[in-house]
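A structural walkthrough
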Amino acid sequence: MLDFKLDTLLAVAEKQSYTKASEALSLTQPAVSHQIRLLEDELGAKLFTRNGGKFVPTKEGEIAVRYAYRLKGLYSSMKEEIRTCGNTLSRLRVGITHTTESNAIAEALAKYGSRHRETTLTMIADTTEKLYEMMGNYELDLLVVEEKRRDGHLRYLMLDTDYLACIISPNSPLGEKEFVKIKELRKEQLLLRLPSSSTRRLFEASLRSLGESIDGFNIALEVDNIATIKDLIRKDIGVSVLPVSACLDEIRKGKLKALPIENLSMLREIDIVAAKDFPHPEILEEIVALYKGEDV
């Protein structure tokens, strides 16, 4: 049903080579070139340009690639919905942020998977931006994120609330305090999430609300892996600003400590997200119930 030219377009975009795309598609290189020319004629635009020996999409090509991913994802979703019409869903793809990967949502999803063995559950962790992009391309069915988008096509269901705090080692001199002052935090070596993460964006926005800037802090390391940050904190290499939910296990075991930061209220929601036309809304309700420990 889908035009094979879309597969060719995506193969060239991913491989950045007509030769490698032809190998991936089991076609000759002239056949790949012909498919791309046909698509360019159809769309009335040049889709690729040579750059340093690689074929990269033009601006028009980037648009075509973006919609090609959406079309393929939508087609796959259509086949799945038709195949399971009136039956239990056989495939569920859930995207979670690196923060929620560290808390109880993974456990709730695992419980759902064990209860519904007829459903193949795939959990993908990535940045908030990438997860929303994948949902827009119909590559994911559900998201678990801490950041809402103004999109009338999405449905949000709150799982929990969470807040950011200063995460320190029990050996830190700050451990004797009830809260951390911003001027004290400036003196510490900070181990922070990447600027693109929702955690980092919330921290910086909260600082700006007080007329402060992240530029005045000693950032020793930026890394997206929360487990790495927590491990470094336990080794007394620095402190961080992280969601408390991502550190609960270590806090309960006395391996880490969470302190509020004076005048910074960094509360946020953790939401489960689906398209409004997602055909199995009961799945969302069950995952929420499992997360909250309720009988379902």
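Conventions and cut-offs
Sequence order sets the numbering: in each chain, residues are counted from 1 along the sequence as written. The model is predicted, so local features are restricted to residues of pLDDT at least 70 and side-chain atom pairs to those at 80 or more, both for listing and for counting; the totals for chains, interfaces and linings are taken over all residues. The side-chain figures draw on all heavy atoms in the structure; neither hydrogens nor water molecules are used. Going along the chain from the N terminus, every DSSP run of H or I of four or more residues is numbered as a helix, and every run of E of two or more is numbered as a strand. Whether two residues are in contact is decided by their heavy atoms: any pair within 4.5 Å suffices. A simple rule labels every residue: compare its accessible area, found with a 1.4 Å probe on the protein chains alone, to the largest value its type can have, and call it buried under 20%, exposed over 50%, or partly exposed in between. In this analysis, strands are considered paired if DSSP registers two or more bridges between them. Here the aromatic set is Phe, Tyr and Trp, taking the six-membered ring for Trp, and pairing holds for ring centres within 6.5 Å; pairs whose planes are under 30 degrees apart are stacked, those over 60 apart are edge-to-face, and all others are tilted. Fitted lines through C-alpha atoms serve as axes, helices being fitted only where they are in contact, and the angles separating the N-to-C directions of these axes extend from 0 to 180 degrees. Each angle receives one of four descriptions, namely roughly parallel if under 35 degrees, roughly antiparallel if over 145, roughly perpendicular if within 65 to 115, and oblique otherwise. Left-handed is the label given to a crossing in which the near helix is rotated counterclockwise from the far helix by less than a right angle, and right-handed is the label when the rotation is clockwise. Side-chain classes are defined by residue name, with Ala, Val, Leu, Ile, Met, Phe, Trp, Tyr, Cys and Pro counting as nonpolar, Asp, Glu, Lys and Arg as charged, and the others, Gly among them, as polar.

Position of Ala 68 relative to the elements: it lies in helix H4 (residues 59–83). Spatially, the C-alpha atom of Ala 68 lies 9.6 Å from that of Lys 5, the residues being 63 residues apart in sequence. Dropping the residues within four chain positions of it, Ala 68 is found in contact with Leu 6, Leu 9 and Leu 10.

Now for the environment of Lys 111. Inspection of the secondary structure puts Lys 111 in helix H5 (residues 104–115). Accessibility expressed as a relative area gives 35% for Lys 111, which makes it partly exposed. With 180 residues separating them along the chain, Lys 111 and Tyr 291 place their C-alpha atoms 9.1 Å apart.

Turning our eyes to something else, we now look at the environment of Glu 282. Its location among the elements puts Glu 282 in helix H11 (residues 281–291). Between the C-alpha atom of Glu 282 and that of Lys 230, which follows or precedes it by 52 residues, the distance is 36 Å.

Here strand E3 (residues 91–96) lies mainly inside the structure; five of its six residues are buried. Bridge analysis of E3 against strand E4 (residues 120–125) gives six bridges, and the strand direction is parallel. Residue pairing for E4: Arg 91 is matched across the bridge by Thr 120. As judged from the three bridges shared by E3 and strand E5 (residues 142–145), these two strands associate in the parallel manner.

As a further point, take the packing of aromatic side chains. Applying the stated criterion to the full structure yields three aromatic pairs. Measuring from centroid to centroid gives 6.5 Å for Tyr 18 and Phe 48, while their planes differ by 80 degrees, and the two rings are edge-to-face. Highlighted residues: Tyr 18 in helix H2 (residues 18–25) and Phe 48 in strand E1 (residues 48–51), separated in sequence by 30 residues. Neither Tyr 18 nor Phe 48 differs from the other in exposure class; each is buried. Arranged with centres 6.1 Å apart and planes meeting at 65 degrees, the rings of Phe 203 and Phe 217 form a pair that is edge-to-face. Here Phe 217 lies in the loop between helix H8 (198–209) and strand E8 (218–222) and Phe 203 lies in helix H8, a separation of 14 residues in the sequence. Per residue, the accessibility class of Phe 203 equals that of Phe 217, and both read buried.

The next point concerns the packing of helix H1 (residues 4–15) against H2. Viewed as axis vectors pointing N to C, H1 and H2 meet at an angle of 130 degrees, and their least axial separation amounts to 8 Å. As far as their axial angle goes, H2 and H1 are oblique. Crossing of H1 over H2 shows right-handed handedness. When H1 is examined against H2, the residues Phe 4, Asp 7, Thr 8, Ala 11, Val 12 and Lys 15 are found in contact with a partner set consisting of Tyr 18, Lys 20, Ala 21, Ala 24 and Leu 25. When the residues that make up the contact of H1 with H2 are grouped by side-chain class, the tally is seven nonpolar, one polar and three charged.

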